[in-house]
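Observations on the three-dimensional arrangement
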Amino acid sequence: MKHLFSIILGLLSFCQLQAQSWTADNGNGTFTNPLFYDEFTDPDLIRVGTDFYMVASSMHAMPGLPLLRSKDLVNWEFVTYIFDRLDLGPDFHLEGDKGIYGNGIWAPAIRYHKGTFYVFVNVNDHGLQVFSAKDPAGPWIHKNMGGRIYDLGILFDDDDKIYAVHGYDEVRLIQLKPDFSGYVEGSEKVIIPKGNAMGEGHHFYKINGKYYIISADYAPVGRMQCARADKPEGPYETAVISNRETMGTQRGWWSNEFGFWSDIPNEGDKITFTAPNPDAYYAVPLHQGGIVDLPNGEWWGVSMMDVKSVGRLTFLSPVTWKNGWPFFGIENNLGRSPRTWFKPNVGIETTPHTTYERNDDFSGKELKPIWQWNHYPVEKKWTLKNGTLRLHTMPAKSFMHAKNSLTQRAVGPESNAIVELNTKSLKKGDVAGLALLNVPYYWVGVLRTGKGNIIRFYDLVKNIKIDEPISTEKVYFRAEGDFDNDLAKLSYSTDGTNFKAMGTNLRLGYQMKTFQGVRFALFAYNTEGKDGGYAEFDNFKIEEPLADRSTNLPIGKVITLKNLANNTFTWTNSRRILRSADVNSNEYDPKGSQFRIHDRGKGRVALEAMDGSGFLTVTGEGLSGDVRLTDKESDASLFMWQDMLRNQCMLLSLKTNRYIGIDILTGEPYSADWPGSNTTRTNGVVFEWSVVQ
């Protein structure tokens, strides 16, 4: 009884957690990608004993280099930031015209060697930074090695030599001195010449006596490459280990004009967009990541994918070794990764949980780890006091020049941020509020004028300001982001309940100026070139409308499945072969398009046709016509339900490790030999499901 009570409490806790914030753990022995629905760029990971550690890029944000820990590769907890502050010159303080937007921390490598943790990362124009610690929680010791070795991979070899690989297309090897005081003179050499299809973002391993380099390429489209050799200097042979895997995601809108070497955009600057080609891959498919082994011999990989304006998200893939190559994917479907799959077999039960607590009433002694400053903060110009966040205003010519903007990553696929602002201590020329930090940027706030306060909304794309009078000292702001459609809106309220929109259908995009997805930002600065008063922020909250996925697997329900390729229903006819339904046919029976979903444990389901023709079963090799209805259920009747959100799904046959689908051009019946979805979800494998009332 006590054990049952614990299970019930765990399920209740999981349901509450699911309703609050995204977690990949489905609570049934499976997970659904992405691992996090907020940006975690350029992931690299290691295992130390039974613990996994993972780091990511943090660009211009501080503190930087987030370090996470996990027992199962699915549920991650925040450990620390590798550094709290990194001061490498005026640009880090938002002084000058560029700042370090889009620069700063790129593509770290984490390693563990003889009792010490190491994180290596290049900072553009400032050289290779090395951080080391005995305890992952810190303190971390920092050394600057100089040079320019970006997107590097690191290997501590068995003879204690330390190698770094770097470069795009042409891969170079260089040896590091053991004390990290510099590089071994004369050690740099080209180990993979140009023209061998290698990319960048390298991850360097020695596995069973062979040397492996995993890299990402974006030209002409995103994919993952692998090179292997018997010696660190080569010669290397190469192969593709992951390609075409977009998880049914298109590239989003792309904003032009500003790259990571350009000046900071100001009010009035021109902003244009490139609309997405819905069928093109671009750099979206899984790329740039590493692999890790489990104590039981399983291998798993992490990589990232460009997911529209929310940024680059991290995905977890089973790794299958074949002919000495570590392919992302499962047997018979190499190079493609499931969206939903069985959790790694780590031998212990883990409780589903999210990585961060996003809401903050600012009553603590420190900011919660989810928060990061935009560039190096001015420490004496902010404080936590009386349960509020105080931001003292400093002069800035526009929002992206404002110091001490406090940010956290937007969460997909939809999220809303709400914050309360007390304006009583603002002075003339001060403006404070809530912004969408990106290029373009948008904000809504309160401007203190000589006559009092006004609400101001600013749209960088249209270069318009909208002002409205306001008489209350306390104001509430809300930012709503629909990151699947790259749209947002901003609004304000004087009572915290009734909000008035100040900007609707605000076009979001991904870009290379911040080189990040959208961030919610609390800001305060002075528009008249002087220090002013201060803004008091309180009760910051994030809402995630689609975080609760507990009903996305309709166990026990009777459903229909409509194929997005041609908007026809799946249908079993008198021949008991699954095919598209012609609802105007004389033989069509609506019951033949209805299926009850049976739970078979660990995410596996069986589909029973409501016309009495039996269970959906894959026969033979799963070729067209092999998706049949059988009287008796068998292992060939088991499918892994792939949650695509918004009542969309795929069915992964656990017999063929491929998906149920049709070719709409041929008129053939269904097969179970499809590798996965295309970007538009219209190639015949994605269904819209509806519960039959």
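Residues numbered from 1 in each chain as written. Predicted model: local features only at pLDDT ≥ 70, side-chain atom pairs only at ≥ 80, totals over all residues. Heavy atoms only, no water.

**As for the layout of surface pockets**
If you add up the space inside the second largest pocket, you get close to 580 Å³. Lining the second largest pocket are 31 residues; nearest its centre among them are E200, Y218, R312, M512 and F515. Among the elements of the structure, β7 (105-113), β16 (210-217), β21 (287-293) and β22 (299-306) are those that each provide at least two residues to the lining of the second largest pocket. Within the lining of the second largest pocket, the residues separate by chemical class into 19 nonpolar, three polar and nine charged. (1 Å grid on protein atoms, 1.4 Å probe; cavity = no way out; pocket = protein on both sides within 12 Å on 5 of 7 lines; lining within 4 Å. Points joined across faces, edges and corners; volume = space filled by probe spheres on them. Helix = DSSP H or I, 4+ residues; strand = E, 2+ residues; numbered from the N terminus. Nonpolar A, V, L, I, M, F, W, Y, C, P; charged D, E, K, R; others polar.)

**Some details on the domain arrangement of the chain**
According to the domain assignment, the chain contains domain 1 (28-248 + 283-340), domain 2 (373-541) and domain 3 (555-689). A straight line from the C-alpha centre of domain 1 to that of domain 3 covers 38 Å. On the side of domain 3, 20 residues touch domain 1, which itself brings 16 residues to the contact. Across the domain 1/domain 3 interface, buried area totals approximately 1400 Å², and carbon plus sulfur atoms make up 44% of it. In this structure, the connection of domain 1 to domain 3 is made through zero salt bridges. Run the count over domain 1 and domain 3 and you get ten residue pairs in polar contact (both at pLDDT 80 or more). (Domains from an automatic or database assignment. Contact = heavy atoms within 4.5 Å. Buried area = accessible area lost by both parts, 1.4 Å probe. Salt bridge = Lys/Arg side-chain N within 4 Å of Asp/Glu carboxyl O. Polar contact = N/O pair within 3.5 Å; in protein donor to acceptor, adjacent residues only side chain to side chain.)

**Some remarks on the environment of A164**
Relative to the elements of secondary structure, A164 occurs in strand β12 (residues 162-166). Spatially, the C-alpha atoms of A164 and D361 are 44 Å apart, while their sequence positions differ by 197 residues. Ignoring any residue separated from it by four or fewer positions in sequence, one finds A164 in contact with L152, G153, I154, R172, L173, I174 and L176.

**Quick look at the pattern of salt bridges**
One pass over the structure, following the stated rule, counts 40 salt bridges. D38 is paired through a salt bridge with R409; the nearest N and O atoms lie 3.1 Å apart. Highlighted residues: D38 in the loop between β1 (30-32) and β2 (44-48) and R409 in strand β30 (residues 406-409), separated in sequence by 371 residues. A residue is classified by how much of its surface remains accessible, and R409, at 6% relative accessible area, is buried. (Buried < 20%, exposed > 50% of the residue type's maximum accessible area, 1.4 Å probe, protein only.)

**Considerations on the nonpolar core**
Ranked by size, the top nonpolar core spans 84 residues in total, and within it L389, F477, L522 and F537 carry the most contacts. Sorting elements by how many residues they give to this core places strand β40 (residues 534-543) first, with four residues. Residues in contact with F537, not counting those within four places in the same chain, are F362, T388, L389, L391, V419, E420, L421, A432, G433, L522 and F523. Residues L67, F83, L86 and F92 belong to the second largest nonpolar core, which totals 24 residues. (Core = buried A, V, L, I, M, F, W, Y, C linked by side-chain atoms within 4.5 Å.)

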